[in-house]
Amino acid sequence: MRRSAHPAKTADAFARVVREAAFADAGYGYDQFGFHPPSLARAAELGAPIYERYFRVDSRGSDAIPASGPAIVVANHGGVLPVDAAMLCLDLVRNTEPPRVPRPVMDHFVPHLPFVSTWFARLGGVSGTRANVRALLARGELVVVWPEGVAGPAKRFRDRYRIQRWCVGFAELALRYHAPVIPCAVIGSEESWPLLGKLGKLHTFGIPYLPIAASPVPLPAHYHIRYAQPMWLDDHLAGADPDDPDVVANAATRVQVALEQLIDDTRCARRGVFR
């Protein structure tokens, strides 16, 4: 099987990645959202064996990520818990050059989870409010979004890699800040940890449901991560108004179509690898 196209990084290399990346220190080593670069470097170091040897991530196209300025990575979402999101963010930490820190946008209930919310914030995660994402784009950061939200991990195995509910807020902000959108397909997560069922009446800390996984831990499926070329959503819409719902919806649909095509192409290529 093919492994990642990128060389393994040492602990010193992870420290360099985070040290050289842009960081808006709001005091005491944290930014305004609680991001702590040494925590991210340590997490990247600890996650390296999982990335390299357990999921054997095969990553291609990361050179599509702009070297600077605001940008939005838009990915599909699946699996019981957000292991796919962790692998994607780790992939961006490892493979962007010059180094860029991914800022994953978390669902509304995540900040209410004890311990987990603080840890995610230390690693760069932000609550998915419009104001938060605007602040990140305004200072030129790399934002990562999953427009399916919880509908992605909630899908049944028979619906794997089929885009579910598609939120369009990212398109409005991409238009407003003239930020390129980079579609990203993550393949492997939905076979690794499929959902067996869910308990919909338990809403502790605001969670939408309690998942029942088909296995106690994720299975070591081979991950494939593919990035498409950047899309500027206002290229075909001269004077596109980010306050026009129709313009925003059409722009978001363009990204959805591009991501669906990327998912299909990656799955077809993966089948070829396994022949």
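Analysis parameters
- The written sequence of each chain sets the order in which its residues are numbered from 1.
- Selection of residues for local features in this predicted model requires a pLDDT of at least 70, selection of side-chain atom pairs for listing and counting requires 80 or more, and totals for whole chains, interfaces and linings are taken over all residues.
- Side-chain metrics rest on all non-hydrogen atoms present in the structure, leaving aside hydrogens and water.
- Remark: nonpolar core denotes a set of buried residues (Ala, Val, Leu, Ile, Met, Phe, Trp, Tyr, Cys) joined through side-chain atoms within 4.5 Å.
- Working definition: with a 1.4 Å probe on protein chains only, accessible area under 20% of the residue-type maximum means buried, over 50% means exposed, and in between means partly exposed.
- In this text, helices come from DSSP runs of H or I with a minimum length of four residues, and strands from runs of E with a minimum of two, each type numbered from the N-terminal end.
- Here, two residues are considered to be in contact whenever any of their heavy atoms come within 4.5 Å of each other.
- At least two bridges found by DSSP between two strands are what make those strands a pair.
- Fitted lines through C-alpha atoms give the axes, limited to the stretch in contact for helices. The angle between two N-to-C directions lies from 0 to 180 degrees.
- Aromatic contacts are taken between Phe, Tyr and Trp rings whose centres are within 6.5 Å, Trp giving its six-membered ring; a plane angle under 30 degrees counts as stacked, one over 60 as edge-to-face, and the others as tilted.
- Definition used: whenever NZ (Lys) or CZ (Arg) falls within 6 Å of the ring centre and also within 35 degrees of the ring normal, the charge is taken to sit over that ring.
- Throughout, the term roughly parallel applies to angles under 35 degrees, roughly antiparallel to angles over 145, roughly perpendicular to angles from 65 to 115, and oblique to all others.
- Residue polarity is assigned by list, with Asp, Glu, Lys and Arg as charged and Ala, Val, Leu, Ile, Met, Phe, Trp, Tyr, Cys and Pro as nonpolar; anything else, Gly included, falls into the polar class.

Asks: So what exactly am I meant to see when it comes to the nonpolar core here?
Replies: Most often, soluble globular proteins keep nonpolar side chains buried together rather than apart. Counting 38 residues, the largest nonpolar core has Val73, Met87, Leu88, Cys184 and Tyr227 as the members making the most contacts within it. Of all the elements, helix α3 (residues 83–95) adds the most residues to this core, at 8 residues. Apart from residues no more than four positions distant in its own chain, valine 73 is found in contact with Ile65, Leu88, Leu142, Val143, Val144, Val145, Ile182 and Cys184. Grouped together as the second largest cluster of nonpolar side chains are 33 residues, Val143, Val145, Val181 and Ala228 included.

Asks: Please explain the side chain of asparagine 132 as it appears in this structure.
Replies: Note that asparagine 132 resides in helix α5 (residues 130–138). The contact partners of asparagine 132, leaving out residues within four places of it in the chain, are Phe33 and Ser127.

Asks: Where do I start with the environment of proline 180 in this structure?
Replies: Following the sequence through the fold, proline 180 ends up in the loop between α6 (169–176) and β6 (181–187). Relative accessible area serves as the criterion here: at 5%, proline 180 is assigned to the buried category. When the C-alpha atoms of proline 180 and valine 133 are compared, they prove to be 14 Å apart, with 47 residues separating the residues in sequence. Among all residues touching proline 180, those that are not within four sequence positions of it are Pro66, Pro70, Ala71, Ile72, Pro230, Met231 and Trp232.

Asks: Could you clarify how one ought to interpret the sheet that holds strand β9 (residues 224–227) in this entry?
Replies: Pairing between the strands of a sheet comes from backbone hydrogen bonds, and it takes one of two forms, parallel or antiparallel. Strand order in the open sheet made by the 7 strands is β1-β9-β6-β2-β5-β3-β4, with mixed pairing throughout. Each edge of the open sheet is held by one strand with a lone partner, namely β1 (58–60) and β4 (126–127). Relative to the sheet, α5 contacts β2 (71–75), β3 (102–106), β4 and β5 (142–145), its axis offset from that of β5 by approximately 145°.

Asks: Please clarify how the pairing of β9 should be interpreted in this entry.
Replies: Note on strand geometry: in a regular strand, side chains alternate between the two faces of the sheet. Alternating positions in β9 separate into two faces, His224 and Arg226 on one and Ile225 and Tyr227 on the other, with burial throughout. With 4 bridges connecting them, β6 and β9 associate as antiparallel partners. Across the sheet, the residue bridging to alanine 185 is arginine 226, located in β9.

Asks: Got a minute to help me understand the packing of aromatic side chains in this structure?
Replies: All chains considered together, the criterion is met by 3 aromatic pairs. Consider the rings of tyrosine 54 and phenylalanine 55, whose centres lie 5.0 Å apart with planes at 85°: the pair is edge-to-face. The ring of phenylalanine 157 has arginine 160 sitting right over it, with the charged end atom 4.0 Å from the ring centre.

Asks: I tried to follow unusual backbone geometry on my own but got confused; where do I start?
Replies: Note on backbone geometry: most residues besides glycine have negative phi, and most peptide bonds are trans. Between glutamate 97 and proline 98 the backbone carries a cis peptide bond, its omega angle lying at 0°. Here proline 98 lies in the loop between α3 and β3. The phi torsion at arginine 56 lies on the positive side, around 50°, for a residue other than glycine. Residue placement: arginine 56 occurs in the loop between α2 (37–54) and β1. Located in the positive-phi region is tyrosine 161, a residue other than glycine, with phi close to 65°.

Asks: How should the packing of α2 against α3 be read in this particular structure?
Replies: For any two helices packed against each other, the geometry is given by the interaxial angle and the distance between the axes. At a minimum axis separation of 10 Å, α2 and α3 run at an interaxial angle of 110°. The angle between α2 and α3 falls in the class roughly perpendicular. Of the residues in α3, those in contact with Leu40, Ala44, Gly47, Ala48, Ile50, Tyr51 and Glu52 of α2 are Met87, Leu90, Asp91, Val93, Arg94 and Asn95. Of the residues in the contact of α2 with α3, the class split is 8 nonpolar, 2 polar and 3 charged.

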